[in-house]
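Observations on the model geometry
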2 protein chains.
Amino acid sequence: MGEVTCDITMSLDGYVAGPDQSFAHPLGVGAERLHRWQFEQREANADAVAGILGAGAYIMGRNMFTHGRGEWDLDWHGWWGEEPPYHAPTFVLTHHPREPLPMEGGTTFTFVTDGIAAALVQAREAAGDRRVAIAGGAQTVNQYLAAGLIDELRLHVAPVILGRGERLLDGVGDLDLRAPGDAPGTDLVTHLTYRIRR
Amino acid sequence: MGEVTCDITMSLDGYVAGPDQSFAHPLGVGAERLHRWQFEQREANADAVAGILGAGAYIMGRNMFTHGRGEWDLDWHGWWGEEPPYHAPTFVLTHHPREPLPMEGGTTFTFVTDGIAAALVQAREAAGDRRVAIAGGAQTVNQYLAAGLIDELRLHVAPVILGRGERLLDGVGDLDLRAPGDAPGTDLVTHLTYRIRR
């Protein structure tokens, strides 16, 4: 059975999204700066970028899928255009049942209404021997961490202070983490890969 | 004029001390784990350990000096025995005037009652061309960061989740930070050195 990984970009003060998230500011105000490394230094951070994708299945929270769009809006197909970058089964945690949404390039969004454990069972089945990636956002990652269901947490720490917003690692309890040893990075990001003992 | 540096060990969720600090638990409950790297892996982290000391002068908050002892207790000479590790003038921020306290080995504790800027003026004068180190704790570091008075923040991030306690980087405003590039570390700590543009 594949491992469960999570890649997420975090500010140095622990936020993965800024305050006042909305359709206009899907990451919250000011949080675009967190992701400069992915756009301005894609080659220098090629290994980290590659590691974000390449999973056998993905799980994301409803906020990551909708970001302020009503979940009842069946015309909404996510933020990623007709061919999302996942190219794999992608499970969206939600309270609103909806038919699976097949996209171009192999991504199918499947909406799961019975919780994080059930979503992981489905994602594992879909991924086979490959890993399952928890794609975000903060609340979803924190829930999986608190439940002890993530094997590897890959934090991409940006040299940004947000001051408020959605905090990662909040309410997750006492995790048994192993720091990565030397950590690669640039002036816009440091890549910290933590193993989590169950 | 020397630079102003700050070395501080932080949990992955942003705390430098645990909750319920007292004389019995000077770092707060559970926070001893933050500093395992300094005791168990001193050689593997020799560069980082050496960088914590070696400044021309130090500044610390009253909590770091007293940790629950009354500031009016003139028999209290700090936590470091008769020969503290600083071997340099060390300025303690406090509200209680007190005569300077010379210790063995070159450390003299000088008590400053007129604020962080005044303490920095005195420390710079004492340090000459050498750097001034802000020794902690969280509130003191946050005040100096918010005032834009630190040139280099050396975070030693331990793979520990404290959940609550004293948060670093809280209320410091929007700092202009430059991430370190590759960051050295072990399984118990990652050393992240940030340059701060004024």
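Summarised in this report is the structure supplied together with it. (Residues numbered from 1 in each chain as written. Chains lettered and ligands numbered in written order. Predicted model: local features only at pLDDT ≥ 70, side-chain atom pairs only at ≥ 80, totals over all residues.)

Turning next to unusual backbone geometry. For the bond running from Gly136(A) to Gly137(A), omega is -5°, close enough to zero to count as cis. As for its position among the elements, Gly137(A) is in the loop between strand E7 (132-136) and helix H5 (138-146). (Helix = DSSP H or I, 4+ residues; strand = E, 2+ residues; numbered from the N terminus.)

It takes a turn of 180° to lay chain A on chain B, together with a shift of 0.0 Å along the axis; the resulting RMSD is 0.0 Å. The operation mapping one copy onto its partner corresponds to a two-fold rotation axis. Measuring from the rotation axis to each C-alpha of chain A, the shortest distance belongs to Ala183(A), at 2.5 Å. Take the interface residues of chain A: 100% of them recur as interface residues in chain B, which is what a same-surface contact looks like. (Least-squares fit on C-alpha atoms with pLDDT ≥ 70 in both. Contact = placed C-beta atoms within 7 Å.)

All names here are of chain A. Relative to the helices and strands, isoleucine 150 resides in the loop between H5 and strand E8 (152-158). The spatial distance from the C-alpha of isoleucine 150 to the C-alpha of alanine 133 is 9.0 Å, given a sequence separation of 17 residues. Among all residues touching isoleucine 150, those that are not within four sequence positions of it are Val4, Cys6, Ile134, Tyr144, Leu145 and Ile196.

Residue and element names in this part refer to chain B. A sheet is described by the order of its strands in space; here 9 strands give the open sequence E5-E6-E4-E3-E7-E1-E8-E11-E10, paired in mixed fashion. Lying at the two open borders of the sheet, with one neighbouring strand each, are strand E5 (101-102) and strand E10 (176-178). With 3 bridges joining them, strand E3 (residues 57-60) and strand E4 (residues 89-93) adopt parallel strand pairing. Residue pairing for E4: tyrosine 58 is matched across the bridge by threonine 90. Strand contacts of helix H5 (residues 138-146): strand E1 (4-11), E3, E4 and strand E7 (132-136), with the helix running at about 135° to E7, the strand carrying the most contacts. (Pairing = 2+ DSSP bridges. Axes fitted to C-alpha atoms, helices over the stretch in contact; angles between N-to-C directions.)

Below, the discussion takes up H5(B). Residue and element names in this part refer to chain B. The buried fraction of H5 amounts to 7 of the 9 residues, a majority that puts the element mostly inside the structure. For H5, every residue scored as buried is listed here: Ala138, Gln139, Thr140, Val141, Asn142, Tyr144 and Leu145. Just downstream of H5 lies glycine 148, where phi reads positive at about 70°. (Buried ≥ 20, exposed ≤ 12 C-beta atoms within 10 Å, placed from the backbone.)

All names here are of chain A. An order of E5-E6-E4-E3-E7-E1-E8-E11-E10 is seen for the 9 strands of this open sheet, with the pairing classed as mixed. Pairing within the sheet leaves two strands with one partner each, and these edge strands are strand E5 (101-102) and strand E10 (176-178). Sheet topology places E8 next to strand E11 (residues 190-197); 6 bridges connect them, and they run antiparallel. Paired with leucine 155 across the strands is leucine 192, a residue of E11. The sheet contacts of helix H4 (residues 116-127) involve strand E3 (57-60), strand E4 (89-93), strand E6 (108-112) and E7, and relative to E4 the element is tilted by about 175°. The sheet strands contacting H5 are strand E1 (4-11), E3, E4 and E7, and the helix crosses E7 at an angle near 135°.

Bringing the environment of Leu53(B) into the picture now. Residue and element names in this part refer to chain B. Residue position: leucine 53 is located in the loop between helix H2 (46-52) and E3. C-alpha of leucine 53 to C-alpha of proline 85: the two residues are 32 residues apart in sequence and 7.7 Å apart in space. Not counting the four nearest positions on each side in its chain, leucine 53 is found in contact with Pro85 and Tyr86.

Time to look at the pairing of E7(A). If a strand is regular, its side chains alternate between the two faces of the sheet. Residues and elements named next belong to chain A. Most of E7 is tucked away: 5 of the 5 residues are buried. In the sheet, E3 pairs with E7 via 4 bridges, with the strands oriented parallel. Among the inter-strand pairings, tyrosine 58 is bridged to a residue of E7, identified as alanine 133.

With 25 residues of chain A in contact, the opposing surface of chain B contributes 25 residues. Sorting the residues of the side of chain A that touches chain B by element identifies E10 and E11 of chain A as the ones contributing at least two each. For the side of chain A that touches chain B, the element with the most residues is E11(A), which contributes 3 residues. A class-by-class count of the residues in the side of chain A that touches chain B yields 15 nonpolar, 5 polar and 5 charged. (Nonpolar A, V, L, I, M, F, W, Y, C, P; charged D, E, K, R; others polar.)

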